[in-house]
Amino acid sequence: MNPLWNLTLARFREFIREPAAVFWVYGFPLFMAGLLGWAFQNRPVERILVDIRSDGPGGATAAESFRTALAADERLKITVDSGEATRNRLRTAKTDLVVTPGSDGKAPAEYLLEPNRPESVLARSAVENVVIRGRVPDLPKPAEATIDEPGGRYIDFLIPGLIGTNLMGGGLWGVGFVTVDMRVRKLLKRYLATPMRRSDFMLSLMLSRLVFTLAEVGILFVFGYLVFGIRVRGDFGAFLALNALGGLCFAGIGLLVACRAKTIETVSGLMNAVMLPMYLVCGVFFSAEKFPDWAQPVIQALPLTPLLNGLRAVMNDGAGWEAVARPAAILVPVGVVCFGLALKFFRWR
């Protein structure tokens, strides 16, 4: 009988007989998607924290007058206190902005803010808006319209990120960790005595993990569709192709990481060293564009970044097969090179 078929079938049976593994592969991602989706699908407008100094040029009277003026904006949560207290609150991120009113109590004499905190810059803009409208009472207020459609919500951004991380985690942990575990338990030495090629064994690990991962992605997508109205707005074939490419690429990386590791501690450290940077910078929970321009060439070259960009383009932007080209240009070479190196340097013991 074909060695590749039998090895792959053995991996299926081994996985199904481990209830804990089934839960972490299929149950935990659904829990995460449900928790994060519930937390972020309808986020209220955040309150802007503003402190007013009561010991400024105009004293407590000017501070109270300015507090009354700022109360016109319901987003602002205002606190009046002494200068030292407000400075400490800003330093410890308990407020977003400290305002020292002028002597007339109608305009600020000084802003104290943390320029590296977006909340602080937003608070200054909000206060300036109130001040300008107070000076020009006849200034017309623009009409406001809101949009809350599938494809533009945070949950629509999040689900492709979770799909990508599942593909990455399944490839590295589901292939790399299992390989080293079999080496530690001396199972690889037994495989060495069987009539099969090394490539058959490694391909069976990749193919079985790909099937498990695609099933996991399908369950996660159905959950998102039923609970949050997530759907693929573009070509569904392109969506499946991206998942397959991502799964095979990360399975190849997992094999390379585990090809010579002898202990669980070693492979765990190596996998974390590969995965954590991509978790942080590739745009799983927020856009990778938030990082500086000088870092973008490196971030865009990491395999998880083009995979997530492609998934979001197909799912949210309605893209077709053209969205597969750029991810494939990175995922295919990385996967092939990693598999080739793993095949060359793999050892059974």
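Since the model is a prediction, treat every value here as computed from it, not as a measurement. (Residues numbered from 1 in each chain as written. Predicted model: local features only at pLDDT ≥ 70, side-chain atom pairs only at ≥ 80, totals over all residues. Heavy atoms only, no water.)

Novice: Please give an account of the overall build of the protein that cites residues and values.
Specialist: Of regular secondary structure, the protein possesses 13 helices and 4 strands. Burial analysis of the protein (349 residues in total) assigns 43% to the buried set. Residue pairs at least 24 apart in sequence account for 77% of intrachain contacts in the protein once pairs closer than 6 positions are excluded. (Helix = DSSP H or I, 4+ residues; strand = E, 2+ residues; numbered from the N terminus. Buried < 20%, exposed > 50% of the residue type's maximum accessible area, 1.4 Å probe, protein only. Contact = heavy atoms within 4.5 Å.)

Novice: Let's hear about the nonpolar core: which residues, and what values?
Specialist: With 49 residues, the main nonpolar core has Ile159, Ile163, Phe239, Phe250, Leu304, Leu307 and Met315 as its most contacted residues. If you tally residues by element for this core, the top one is helix α6 (residues 154–184), at 10 residues. Setting aside residues up to four positions removed in sequence, leucine 307 forms contacts with Gly164, Leu167, Leu242, Gly246, Phe250, Pro327 and Leu331. Core analysis: the second largest hydrophobic core is formed by 17 residues, Met202, Leu255, Phe339 and Trp348 among them. (Core = buried A, V, L, I, M, F, W, Y, C linked by side-chain atoms within 4.5 Å.)

Novice: Tell me what's going on with the environment of proline 108, and back it up with residues and numbers.
Specialist: Turning to its location among the elements, proline 108 is positioned in strand β4 (residues 108–113). The class of proline 108 is partly exposed, set by a relative accessible area of 24%. Considering only alpha carbons, one finds proline 108 and glutamate 128, 20 residues apart in sequence, at a separation of 8.8 Å. Beyond its immediate sequence surroundings of up to four residues, proline 108 is in contact with Phe66, Val99, Thr100, Pro101, Gly102 and Val131.

Novice: Outline the pairing of strand β3 (residues 97–101), listing residues and values.
Specialist: When you tally the buried positions in β3, you get 5 out of 5 residues, the bulk of the element. Of the two faces of β3, both are covered, the one formed by Leu97, Val99 and Pro101 as well as the one formed by Val98 and Thr100. With 3 bridges connecting them, strand β1 (residues 48–53) and β3 associate as parallel partners. Across the sheet, the residue bridging to isoleucine 52 is valine 99, located in β3. (Pairing = 2+ DSSP bridges.)

Novice: Tell me what's going on with the side chain of threonine 100, and back it up with residues and numbers.
Specialist: The residue threonine 100 is located in strand β3 in this model. With a relative accessible area of 6%, threonine 100 lands in the buried category. Ignoring sequence-local partners within four residues, the contact set of threonine 100 consists of Arg53, Gly56, Pro57, Pro108, Ala109 and Glu110.

Novice: So what's going on with the pairing of β1? Residues and values would help.
Specialist: One ladder, built from 6 bridges, connects β1 with strand β2 (residues 76–81); its direction is parallel. Looking at β2, one finds that isoleucine 48 is bridged to leucine 76. Viewed along the sheet, the connection from β1 through helix α3 (residues 59–70) into β2 turns out right-handed. (Right-handed = clockwise from strand over helix to strand, strands pointing away.)

Novice: Let's hear about the sheet that holds β4: which residues, and what values?
Specialist: Strand order in the open sheet made by the 4 strands is β2-β1-β3-β4, with mixed pairing throughout. Since the sheet does not close on itself, it has two edges, and those belong to β2 and β4, each with one partner. The average angle at which neighbouring strand axes cross in this sheet is 25 degrees, direction not considered. Set on the sheet, α3 makes contact with β1, β2, β3 and β4; between it and β1 the angle comes to about 160 degrees. Relative to the sheet, helix α4 (residues 83–91) contacts β1, β2, β3 and β4, its axis offset from that of β1 by approximately 155 degrees. (Axes fitted to C-alpha atoms, helices over the stretch in contact; angles between N-to-C directions.)

Novice: Can you tell me about unusual backbone geometry, naming the residues and giving the values?
Specialist: In this model, alanine 93 sits at a positive phi of 60 degrees, which is unusual for a non-glycine residue. With respect to the element layout, alanine 93 can be found in the loop between α4 and β3. The backbone of lysine 186 shows a phi angle near 65 degrees, a positive value even though the residue is not glycine. With respect to the element layout, lysine 186 can be found in the loop between α6 and α7 (187–192).

Novice: Hey, could you go over α4 for me, with residue numbers and the actual values?
Specialist: Regarding α4, the residues found buried are Gly83, Thr86 and Leu90. Relative to the axis of α4, the buried residues are bounded by an arc of 70 degrees and lie together on one face. Exposed residues lying more than 90 degrees from the buried face of α4 are Glu84 and Arg91. One or two residues past the end of α4 sits alanine 93, with phi positive at roughly 60 degrees. (Arc of directions from axis to C-beta.)

Any functional reading would require information beyond the geometric quantities listed.
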